[in-house]
Amino acid sequence: MKKFFLIIILFFSSSLLLLGHEFWLHPDKFIFETGEPIKIKFLVGENFEGENWSGNNQSIKALQLHFPNASDDLADRIGAAPGDSLQFSIYEEGTFLLTYNSTNKFIELEPRKFHEYLMEDGLNNAIDYRASHNENDSSGREYYQRSVKTIFQVGDKKTNLFKKQ
């Protein structure tokens, strides 16, 4: 039972760093005119050099456009095709917030690849744990989800929506 809890703790403590890939919402620009098309890409990569995600509508737990006093669910605007982007227009001025939360994901990596991730991210305690428990030849598993947001401006009217948690 102790071993089970140690493994769970190991996975949770390293889950954010294992993939080493950033994920972000990338508008084609950050200041728009009223009614202008707004295109948001979902990107994954490192050092903000990314490529389009491989997700689709099945990857979305929540996709919300936040207004000063309301929010709108945009999840149905992402299709079933992998790598779909989001496009919409806003016909009022203000500062807007778009939030995304993914469904839970699970990956499994072969032992060598898992060890490379641990080395790359400097997770020596995980490497030591695996070695001391004879798990170097075991596959690595990760359970994770992504939560991101982006802020953009439509027109000149400024609001304090950027403060919304």
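Residues numbered from 1 in each chain as written. Predicted model: local features only at pLDDT ≥ 70, side-chain atom pairs only at ≥ 80, totals over all residues. Heavy atoms only, no water.

K.L.:
Explain the sheet that holds strand E5 (residues 60–66) here, please?
P.N.:
What holds strands together in a sheet is hydrogen bonding between their backbones, with the strands either parallel or antiparallel. Taken in spatial order, the five strands line up as E2-E11-E8-E5-E6 in an open sheet, and their pairing is mixed. In this open sheet, the two strands that pair with only one neighbour each are strand E2 (31–32) and strand E6 (71–73). Sheet topology note: the strand E8 (residues 94–102)/strand E11 (residues 147–154) ladder contains eight bridges and is antiparallel. When the sheet's bridge partners are listed, Thr95 is paired in E11 with Gln153. (Pairing = 2+ DSSP bridges. Helix = DSSP H or I, 4+ residues; strand = E, 2+ residues; numbered from the N terminus.)

K.L.:
Looking at this structure, I do not really get the confidence of the model for the chain. What am I missing?
P.N.:
Fine structural detail should not be taken from predicted coordinates in areas where pLDDT scores are low. Counting all residues, the mean pLDDT for the chain is 86, and 87% of those residues have values of 70 or more. Within the chain, helix H1 (residues 2–18) has the poorest average pLDDT of any element, 41, and E2 the best, 98. Confidence drops under pLDDT 50 across residues 2–20; counting only partners more than four residues distant or on other chains, this segment forms 29 contacts. (pLDDT = per-residue confidence, 0-100. Contact = heavy atoms within 4.5 Å.)

K.L.:
Help me understand the packing of aromatic side chains, please; the structure alone is not making it clear to me.
P.N.:
What describes a pair of aromatic rings is the distance from one ring centre to the other and the angle between the planes of the rings. Within this structure, the stated rule accounts for 10 aromatic pairs. A centroid spacing of 5.4 Å and a plane angle of 35 degrees characterise the contact between Phe23 and Tyr100, whose relative ring orientation is tilted. One end of the pair, Phe23, is in strand E1 (residues 22–27); the other, Tyr100, is in strand E8, with 77 residues separating them in the sequence. Comparing Phe23 with Tyr100 shows no difference in burial state: the two are buried. Considering the side-chain rings of Phe42 and Trp53, the 4.5 Å spacing of their centres and the 15 degrees angle between planes classify their relative orientation as stacked. Note that Phe42 is positioned in strand E3 (residues 37–46) and Trp53 in the loop between strand E4 (49–52) and E5, a separation of 11 residues in sequence. Like Trp53, Phe42 is buried. Following the ring pairs from residue to residue traces out a cluster consisting of Phe32, Phe67, Phe88, Phe96 and Phe152. (Phe/Tyr/Trp six-rings, centres within 6.5 Å; stacked < 30°, edge-to-face > 60°. Buried < 20%, exposed > 50% of the residue type's maximum accessible area, 1.4 Å probe, protein only.)

K.L.:
Looking at this structure, how should I read the pattern of salt bridges?
P.N.:
The final tally for this structure, using the stated rule, is four salt bridges. The residue Lys29 makes a salt bridge to Glu36 at a minimum N-O spacing of 2.7 Å. The structure contains a network of salt bridges with shared partners spanning Glu110, Arg112 and Glu116. (Salt bridge = Lys/Arg side-chain N within 4 Å of Asp/Glu carboxyl O.)

K.L.:
Just to check I follow, could you spell out the pairing of E8 for this structure?
P.N.:
Walk down a regular strand and you will see the side chains alternate between the two sheet faces. In terms of burial, E8 is largely enclosed, as eight of its nine residues are buried. Alignment of E5 against E8, held across six bridges, turns out to be antiparallel. Across the sheet, residue Ala62 finds its bridge partner in E8, namely Asn101.

K.L.:
Quick question: what am I supposed to make of the packing of helix H2 (residues 111–120) against helix H3 (residues 124–132) here?
P.N.:
In helix packing, the relevant descriptors are the interaxial angle and the interaxial distance, both defined with respect to the helix axes. Interaxial distance between H2 and H3 falls to 8 Å at its minimum, and their mutual angle equals 145 degrees. Note that H2 runs across H3; the crossing there is left-handed. On H3, the residues touching Pro111, Phe114, His115, Leu118 and Met119 of H2 are Ala126, Ile127 and Arg130. Counted by class, the contact of H2 with H3 contains six nonpolar, one polar and one charged residues. (Axes fitted to C-alpha atoms, helices over the stretch in contact; angles between N-to-C directions. Left-handed = near helix turned anticlockwise from the far one by under 90°. Nonpolar A, V, L, I, M, F, W, Y, C, P; charged D, E, K, R; others polar.)

K.L.:
What's the story with unusual backbone geometry in this structure? I'm lost.
P.N.:
Glycine aside, residues mostly have negative phi angles, and peptide bonds mostly take the trans form. One non-glycine residue, Asn47, lies in the positive phi region at around 55 degrees. A relative accessible area of 61% places Asn47 in the exposed class. Phi is positive for Asn134, close to 50 degrees, though the residue is something other than glycine.

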